[in-house]
Amino acid sequence: MDLLAAFERASRWIDAYYREPERYPVLSRSRPGDIVRALPERPPEEGQSFDAIFDDFEGIVLPGITHWNHPRFFAYFAISAAPIAVVAEALAATLDVNAMLWRTSPAATELEDVVLAWLRDLLGLDAGLHGIIYDTASIGGFTALAAARESLGLGIRERGMAARGDVPRLRVYLTEHTHSHVEKAAIALGVGRENVVRVPVDERFAMRSDALERALREDESRGYRPMCVAATVGTTSTTSIDPVPEIARIAGAHRVWLHVDAAYAGPAAILPEFRYLLAGCERADSVVVNPHKWLFVPIDLSALYVRDPEILRRAFSLVAEYLETSDGDVHNYMDYGLQLGRRFRALKLWFVMRHLGVSGMRERLRGHIALAQSFAGWVGAEPDWEILAPHPLSVVCFRHAPPATEGAALDAHNAAIVERVNAGGEAYLSTTRLYGRLAIRVAIGNERTKEADVAALWEMLRSVSRPAG
Ligand code: PLP
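Analysis parameters
- Residues numbered from 1 in each chain as written.
- Predicted model: local features only at pLDDT ≥ 70, side-chain atom pairs only at ≥ 80, totals over all residues.
- Heavy atoms only, no water.
- Helix = DSSP H or I, 4+ residues; strand = E, 2+ residues; numbered from the N terminus.
- Rg over C-alpha atoms; globule rule 2.2 N^0.38 Å.
- Buried < 20%, exposed > 50% of the residue type's maximum accessible area, 1.4 Å probe, protein only.
- Contact = heavy atoms within 4.5 Å.
- Areas by Shrake-Rupley, 256 points an atom, 1.4 Å probe, with all protein chains shown as cover.
- Lys, Arg positive; Asp, Glu negative; His and termini not counted.
- Charge placed at Lys NZ, Arg CZ, Asp CG, Glu CD.
- Pairing = 2+ DSSP bridges.
- Domains from an automatic or database assignment.
- Buried area = accessible area lost by both parts, 1.4 Å probe.
- Salt bridge = Lys/Arg side-chain N within 4 Å of Asp/Glu carboxyl O.
- Polar contact = N/O pair within 3.5 Å; in protein donor to acceptor, adjacent residues only side chain to side chain.
- Core = buried A, V, L, I, M, F, W, Y, C linked by side-chain atoms within 4.5 Å.
- Near = heavy atom within 4 Å.
- Nonpolar A, V, L, I, M, F, W, Y, C, P; charged D, E, K, R; others polar.
- Axes fitted to C-alpha atoms, helices over the stretch in contact; angles between N-to-C directions.
- Parallel < 35°, antiparallel > 145°, perpendicular 65-115°, else oblique.
- Left-handed = near helix turned anticlockwise from the far one by under 90°.
- Patch = residues over 30% accessible without salt bridge, like charges linked within 9 Å, V, L, I, M, F, W, Y side chains within 5 Å.

So, the overall build of the protein: which residues are in play, and what are the values?
Secondary structure summary: the protein contains 15 helices and 11 strands in total. Radius of gyration (C-alpha) of the protein: 24 Å, near the 23 Å computed for a compact globule of 469 residues. In terms of overall dimensions, the protein has C-alpha extents of about 70 × 65 × 45 Å along its principal axes. Buried positions account for 52% of the 469 residues belonging to the protein. Once local pairs closer than 6 in sequence are excluded, the contacts in the protein between residues at least 24 apart make up 73%. By element, 53% of the accessible surface of the protein is carried by carbon and sulfur atoms, the whole surface being about 21400 Å². For the protein, the distance from the average site of its 51 positive side-chain charges to the average site of its 60 negative ones is 4 Å.

Right under this line is the structure:
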């Protein structure tokens, strides 16, 4: 195959795509099954040309793509990668190394150590934290909770938990705004949903530390064993911020593992004015930050920082005979989690950090935050529209609340507004629920989003919210 010709066609396409992703409707217009029907039932008997495959990429796959790169993608946590990371991904795929052991590619392991230390320092995290890359915050979070369980010294690794009278109920503390992966981890680790304690939140959707302290005390008096407190900096619905310094003090006093999920909002701590977001993390046992959410690295790359990586090793290391090495004091990252094979993910973070530089990353984050604040200002100033949550970063939750519309009718009215905007193909929004009420959610995190895009969204929202006729 003519690799150069293939790359030339692909790179011309990538370049044009990045220049104008808005050529495509932001939300795919595919209906369920469209892509399946367009594809043959069996793979081809004989190999096919790159051009034939690429034609189908354009003709069949692209119509089924929702364009996260579109400057008017405002749903979930809007993300976008610096294009240079695509080159890094191609190089990583070319090298095709498996970074399971230090010796199976020393550069993959050592570059990971260096870029995660760069990032840790940039975030103002404690120099004692050690960073390891996982694919997602969910897997990093699961790994942290497994380490929390191991840290209890109950011999669960060897003896399990079933049919053991000497293992108390293990408890995990979170809030109704904590991302669901923490509860899933509690399920997978045998803690059980009944032992996931939802600590009440305050009016800003942040964990109430007094309620946490009370829950811990009550559980201890019943003989339960607190295993982990999961605090969030930047919750998924509203980006609310749990009071980590206070939670850390309480977790420390009760000797319970503190995991801080800063998957989305953590990156903002590279801005000196947002350093406060990670205050208290110097006392955390683990902290997760996602460069693939808001640091211009393509999915997937999540950084888990742990105070004592040895506990992770104690929880997970199991070296088969065929993987034994004698390399001495090195990190064999297969020992720090469930998976053996590991992609060379550090390469793309290294490319992005070098290419954008600290100032480039800061400038982009400040831009997103400023756009979200402008948008919130317009919504807040308009009669019949209301802001539903504090918006410290780049997400705004709000709704249209015309007079005499309430309850389910008001929810349906706002759902219809979002449906109408999304159906237009020019912008994509998602929703959440706050106090049971439907909230429209606008997230700004794309490097191509400009003020004109946010202004156009606001115009669309106002236009579709007007009564027909
Ligand atoms: N934590 C928070 C606060 C999130 O908002 C999300 C996803 O949006 C996650 C964790 C899960 O991230 P990942 O997709 O990397 O598992």
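Right, picking up where we left off after that structure.
Outline the pairing of strand β4 (residues 225–232), listing residues and values.
The element β4 is extensively covered by neighbouring structure, given that seven of its eight residues are classed as buried. One ladder, built from four bridges, connects strand β2 (residues 170–174) with β4; its direction is parallel. Directly across from Val 172, in β4, lies its bridge partner Cys 228. As defined by bridge partners, β4 adjoins strand β5 (residues 257–262) across five bridges and the pair is classed as parallel. By the bridge assignment for β5, Ala 230 is matched with His 259.

Give a description of the domain arrangement of the protein that names residues and reports values.
Where interface size is quoted, it is often the accessible area lost as the parts come together. The domain architecture assigned to the protein consists of domain 1 (1–27 + 66–84 + 357–469) and domain 2 (98–343). The interface of domain 1 with domain 2 comprises 29 residues on the first partner and 28 residues on the second. Carbon and sulfur atoms supply 72% of the area that domain 1 and domain 2 bury against each other, a total of about 2500 Å² over both sides. Contact with domain 2 buries area across many residues of domain 1, yet Phe 77, Leu 365 and Leu 393 alone supply 27% of it, more than any other trio. The interface formed by domain 1 and domain 2 includes one salt bridge. The salt bridge involving Arg 366 is made with Glu 273; its shortest N-O contact spans 2.6 Å. Applying the counting rule to domain 1 against domain 2 returns eight residue pairs in polar contact (both at pLDDT 80 or more). When residues of the side of domain 1 that touches domain 2 are traced back to their parent elements, those giving at least two are α13 (346–381), β9 (395–400) and β10 (430–434).

I'd like a description of the nonpolar core, backed by residues and values.
In this structure, Leu 212, Leu 258 and Leu 393 are the most contacted members of the largest nonpolar core, which totals 81 residues. The element best represented in this core is α13, accounting for 10 residues. Structurally, this core is a two-domain feature, drawing no fewer than three residues from each of domain 1 (1–27 + 66–84 + 357–469) and domain 2 (98–343). With sequence-adjacent residues up to four places away left out, Leu 393 is seen in contact with Thr 239, Tyr 264, Ala 265, Ala 268, Phe 274, Leu 277, Trp 294, Ile 369, Ala 372 and Gln 373. By size, the runner-up hydrophobic cluster in this structure holds 36 residues, among which are Ala 144, Leu 154, Val 167 and Ala 263.

Lay out the side chain of Asp 335 in plain terms, naming residues and giving numbers.
Its location among the elements puts Asp 335 in the loop between α12 (309–316) and α13. There is a polar contact of 3.3 Å between the side chain of Asp 335 and the side chain of Arg 313. A distance of 3.3 Å separates the side chain of Asp 335 from the side chain of Ser 317, its partner in a polar contact. Dropping the residues within four chain positions of it, Asp 335 is found in contact with Leu 312, Arg 313, Phe 316, Ser 317 and Val 319.

Can you tell me about the site of the ligand, naming the residues and giving the values?
Neighbouring the ligand are 13 residues; Ala 137, Ser 138, Thr 236, Asp 261 and Asn 290 lie closest to it. Contacts to the ligand include Asn 290, whose side-chain N or O atom sits 2.9 Å from an oxygen atom. With the chains in place, 86% of the 390 Å² that the ligand exposes on its own is no longer accessible. If you list the elements that add at least two residues to the shell around the ligand, you get α6 (137–151) and α11 (291–294). Looking at side-chain class alone, the shell around the ligand contains three nonpolar, eight polar and two charged residues.

So what about the packing of helix α4 (residues 84–95) against α13? Which residues, and what values?
The interhelical angle for the contact between α4 and α13, taken along N-to-C directions, is 150°, at an axis separation of 8 Å. Relative to α13, the element α4 is oriented roughly antiparallel. Viewed along their axes, α4 and α13 form a crossing whose handedness is right-handed. Where α4 abuts α13, its residues Ile 84, Ala 85, Val 87, Ala 88, Glu 89, Leu 91 and Ala 92 lie against Leu 347, Lys 348, Phe 351, Val 352 and His 355.

Give a description of a nonpolar patch on the surface that names residues and reports values.
Where nonpolar side chains cluster on the molecular surface, the patch consists of Met 1, Leu 3 and Phe 7 and spans about 380 Å² of accessible area. Considering the arrangement of structural elements, one finds Phe 7 in helix α1 (residues 3–19).

Summarise the sheet that holds strand β3 (residues 196–198); cite the residues concerned and give the values.
Strands sit in the order β1-β7-β6-β5-β4-β2-β3 across an open sheet of seven strands; the sheet is mixed. Two strands lie at the open edges of the sheet, namely β1 (130–134) and β3, each paired on one side alone. Within the sheet, the average angular offset between the axes of one strand and its neighbour, ignoring direction, is 20°. Of the strand pairs in this sheet, β5 and strand β6 (residues 286–289) are connected by four bridges, and their pairing is parallel. Bridging across to β6, Asp 261 finds its partner in Val 288. Each of β2, β3 and β4 is contacted by helix α9 (residues 209–221), which is oriented at about 170° to β2, the strand it contacts most.

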